[in-house]
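# Secondary and tertiary structure notes
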Amino acid sequence: MAASLHFHGVKAAVTPKFIPSKPSLKNLGFNCCPQQLQLMGCKSMAIVKNTKMNHSFTVNCLKVEEERYTQQSSFEEQKTFTVVMKFGGSSVSSAERMKEVAQLILSFPDEIPVVVLSAMGKTTNNLLNAGEKAVSCGASKASDIPELSLIKDLHYRTVAELGIDVSVVSSHLEELEQLLKGIAMMKELTLRTKDYLVSFGECLSTRIFAAYMNKIGAKARQYDAFDIGFITTDDFTNADILEATYPALAKRFNDDWAADPAIPIVTGFLGKGCKSCAITTLGRGGSDLTATTIGKALGLREIQVWKDVDGVLTCDPTIYPQAQPVPYLTFDEAAELAYFGAQVLHPQSMRPAREGDVPVRVKNSYNPKAPGTLINRARDMSEVLLTSIVLKRNVTMLDIVSTRMLGQFGFLAKVFSIFEDLGISVDVVATSEVSISLTLDPSKLWSRELIQQARELDRVVEELENIAVVNLLQNRSIISLIGNVQYSSLILEKAFHVLRTNNVNVQMISQGASKVNISLIVNDDEAEKCVKALHYAFFESNDVPELHLSAATIGNGSVVRLDN
Ligand SMILES: Nc1ncnc2c1ncn2[C@@H]1O[C@H](COP(=O)(O)OP(=O)(O)O)[C@@H](O)[C@H]1O
Ligand SMILES: N[C@@H](CC(=O)OP(=O)(O)O)C(=O)O
């Protein structure tokens, strides 16, 4: 039974589920006690809906097991926030989208969210391109850089369409223009300056959105991540979040809420270098990591990442539009999928969620009714064969052959110490007694200038040639088959059948220890064809007689029965 109450002029809808504790009610401007709610027929607990703030609060509750409410009853304080809701650039690309996102947030009245936003639409790319152009255009031309105009137009138009004050963005846009002039004068764009430059995207989007939320009566407060405790390494453009971040965030958000409740609107992607104290970024797509970090810091019920697709799909829809949503994933599967190139999630974003054991839900902000993908610690894998196919292009592969390797102690250690010294990560490895084949993580190389990359690769080869014969193979792709490696023979049999039929020779294969990933290396120019054929075979075709399967279908979440 639901009821309606009026306290201090604020209408409160009460659902007989929770009875809020006195202190929490006071924070919200209410003044009632469990007895009053019991009188209303709320036998156990109640949710109080503050219709003025257009929000429900499942604030700390007291279970009324006894008939009588006594003053001595302990009102346990409950955590205030319930979920993180992260919206990517595609979800907040225009005023219209921001309005829809605001309504979407408010359509969950039982949640108290921390909202994380990325930069609007293509703003991060435009900022990076503007920075590159500023290096060579000359200070007098910096104001005319086309990408600067695009950024200004988008943000001025958005505030106008949302009916909020232009001062919310004007000082930041002026500062951005000054920065581009500075870059033009210096004729140089360091990684540190690059991070400062791209930070304008998230700083602008969150300010606009918070102002709009306040305008429509949903009290919100904007936060710059680098000011509230996101402490990172000083690896500009690819910083890692440090442990000190978690307690700092919890304190800041909880203290602010206790003092003056408002929905936090936080910049994704950004942090503050622990030594430099300068703005850092978490790598492209890093707002997902911002969201999971907050989820762990506050011990929330769920982390929601809202995208422009119906969840994590069986493969990249830009390669294969027939890709289907994957309803459930484990943290391990999602981490492998992200690490091996599925753009939908940031490669490091699963770590805090797994550590904090907070489920992650990937949803579509353009289609909120779609169930999306739920990522959890475990799921029943017994009937799962393949979950998703991921393609990572532009990979460099090294074949390292040592005639002295046979029985030579420490060869692998020497090889890997060379990579460690040069700060290059290795993705996939396969070894034999006399050789080792490996691929290099392109994202680590991509963050460097092209010339620097070439120099670094030359150095790797030079160093390795002291101990082995090295063959450098570029333009390769890694196709990762994410699924149940317990069925590896079945997966491989099917995959190799498909590849043979398509005349593709696999150059390297690795199963790894993850139990969820088999990686195949092929030439770049054959990779897309392979992914399409594999997707068809694993997710769409039932016709697999040569595999002796009795199930009607195999693939994502479907039943696989092997005829013994
Ligand atoms: N396996 C996959 N599942 C879902 N989306 C994928 C996958 N692989 C690549 N993508 C791409 O990722 C995009 C969503 O990620 P992203 O651009 O980071 O979204 P946002 O900017 O909204 O956070 C999709 O539009 C899709 O093209
Ligand atoms: N704006 C940053 C961070 C980010 O996470 O963006 P998105 O959520 O739109 O992928 C980027 O483009 O990399």
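Residues numbered from 1 in each chain as written. Chains lettered and ligands numbered in written order. Predicted model: local features only at pLDDT ≥ 70, side-chain atom pairs only at ≥ 80, totals over all residues. Heavy atoms only, no water.

The protein chain is annotated in an unreviewed UniProt entry as aspartate kinase from Chenopodium quinoa. Turning to the protein chain, the UniProt record has this under Subcellular location (unreviewed entry): "Plastid, Chloroplast". (UniProt positions renumbered as here; feature names shortened; annotations may be inferred.)

Before going further, it helps to examine the sheet that holds strand S8 (residues 231-232). The strand order S8-S10-S11 describes an open sheet built from three strands, whose pairing is mixed. Strands at the two margins of the open sheet, each flanked by one partner only, are S8 and strand S11 (279-281). One ladder, built from three bridges, connects strand S10 (residues 270-273) with S11; its direction is antiparallel. What sits directly across from Lys272, in S11, is Ile279. This element, helix H7 (residues 191-215), spans S10 and S11 of the sheet and lies at about 80° to S11. (Pairing = 2+ DSSP bridges. Helix = DSSP H or I, 4+ residues; strand = E, 2+ residues; numbered from the N terminus. Contact = heavy atoms within 4.5 Å. Axes fitted to C-alpha atoms, helices over the stretch in contact; angles between N-to-C directions.)

So, on to the environment of Asp255. Relative to the elements of secondary structure, Asp255 occurs in helix H8 (residues 245-259). Taking the C-alpha atoms as reference points, Asp255 and Met120, separated by 135 residues in sequence, lie 29 Å from one another. Of note is the side chain of Asp255, whose polar atom sits 2.5 Å from the side chain of Lys251. (Polar contact = N/O pair within 3.5 Å; in protein donor to acceptor, adjacent residues only side chain to side chain.)

Spatial ordering of the open sheet is given by S17-S18-S16-S19-S21-S20, a layout of six strands whose pairing is antiparallel. Every other strand in the sheet has two partners, leaving strand S17 (426-431) and strand S20 (508-510) as the edge strands with one partner each. Looking at each pair of strands side by side, their axes are set apart by 30° on average, direction ignored. Sheet topology places S17 next to strand S18 (residues 435-440); four bridges connect them, and they run antiparallel. What sits directly across from Val429, in S18, is Leu438. Across the sheet, helix H12 (residues 411-422) lies against strand S16 (386-401), S17 and S18, angled at about 20° from S18, the strand it touches most. Those strands touched by helix H15 (residues 488-501) are S16, strand S19 (469-483), S20 and strand S21 (517-523), and its axis lies near 20° from that of S21.

Time to look at the site of ligand 2. With respect to spatial proximity, the complete set of residues near ligand 2 consists of Lys86, Gly88, Gly89, Ser118, Ala119, Thr124, Glu202, Phe269, Arg284, Gly285, Gly286 and Ser287. One nitrogen or oxygen atom from the main chain of Gly89 is found 2.8 Å from an oxygen atom belonging to ligand 2. Within the backbone of Gly285, a nitrogen or oxygen atom sits 2.8 Å from an oxygen atom of ligand 2. When the free accessible area of ligand 2 is taken as 340 Å², the share hidden by the protein chains comes to 83%. In terms of residue class, the shell around ligand 2 is made up of two nonpolar, seven polar and three charged. (Near = heavy atom within 4 Å. Areas by Shrake-Rupley, 256 points an atom, 1.4 Å probe, with all protein chains shown as cover. Nonpolar A, V, L, I, M, F, W, Y, C, P; charged D, E, K, R; others polar.)

So, on to the site of ligand 1. Neighbouring ligand 1 are 16 residues; Lys86, Ser90, Lys307, Asp308 and Leu313 lie closest to it. Between Lys86 and ligand 1, the recorded distance is 2.9 Å, taken from a side-chain N or O atom to an oxygen atom. The side chain of Gln343 places a nitrogen or oxygen atom 3.3 Å from an oxygen atom of ligand 1. In isolation ligand 1 has 570 Å² of accessible area, and contact with the protein removes 87% of it.

Summed over the entire model, instances satisfying the criterion amount to zero disulfides. A disulfide-free cysteine, Cys274 has its sulfur positioned 8.3 Å from the sulfur of Cys277, the nearest such atom. When its relative accessible area of 39% is taken as the criterion, Cys274 is described as partly exposed. Cysteine Cys530 remains unbridged, with the sulfur of Cys315 as its closest cysteine sulfur at 12 Å. (Disulfide = S-S within 2.5 Å. Buried < 20%, exposed > 50% of the residue type's maximum accessible area, 1.4 Å probe, protein only.)

For Thr158, the position within the fold is in helix H5 (residues 146-162). Among the polar contacts made by the side chain of Thr158, one reaches the main-chain carbonyl oxygen of Leu154 at a distance of 2.6 Å. If sequence neighbours within four positions are ignored, Thr158 has contacts with Ser94, Ala95, Met98, Met120 and Ile208.

With that settled, the discussion passes to the pattern of salt bridges. Going through the model one piece at a time under the given rule, you end up with 21 salt bridges. In this structure, Asp255 and Lys251 form a salt bridge, with 2.5 Å as the shortest nitrogen-oxygen distance. With Asp255 and Lys251 both in helix H8, this residue pair falls four residues apart, about one helical turn. The class for Lys251 is exposed, based on a relative accessible area of 51%. Where Asp357 meets Arg377, a salt bridge forms, and the shortest distance between an N and an O atom there is 3.0 Å. (Salt bridge = Lys/Arg side-chain N within 4 Å of Asp/Glu carboxyl O.)

Bringing unusual backbone geometry into the picture now. Even without being glycine, Lys187 reaches a positive phi, approximately 55°. Here Lys187 is to be found in the loop between helix H6 (167-186) and H7. Lys187 gets classed as exposed once you look at its relative accessible area, which sits at 58%. Even without a glycine there, the phi angle at Asn503 is positive, about 55°. Considering the arrangement of structural elements, one finds Asn503 in the loop between H15 and S20.

With that settled, consider the pairing of strand S9 (residues 263-267). Of all five residues in S9, five are buried; the element is thus mostly enclosed. Here S9 shows no split at all, with Ile263, Ile265 and Thr267 on one side and Pro264 and Val266 on the other all buried. Here three bridges tie strand S6 (residues 113-117) to S9, and the two strands are oriented parallel to one another. Bridging across to S9, Leu117 finds its partner in Thr267. Where strand S7 (residues 220-223) meets S9, four bridges bridge the pair, whose relative direction is parallel. Within S9, the residue paired with Ala220 across the bridge is Ile263.

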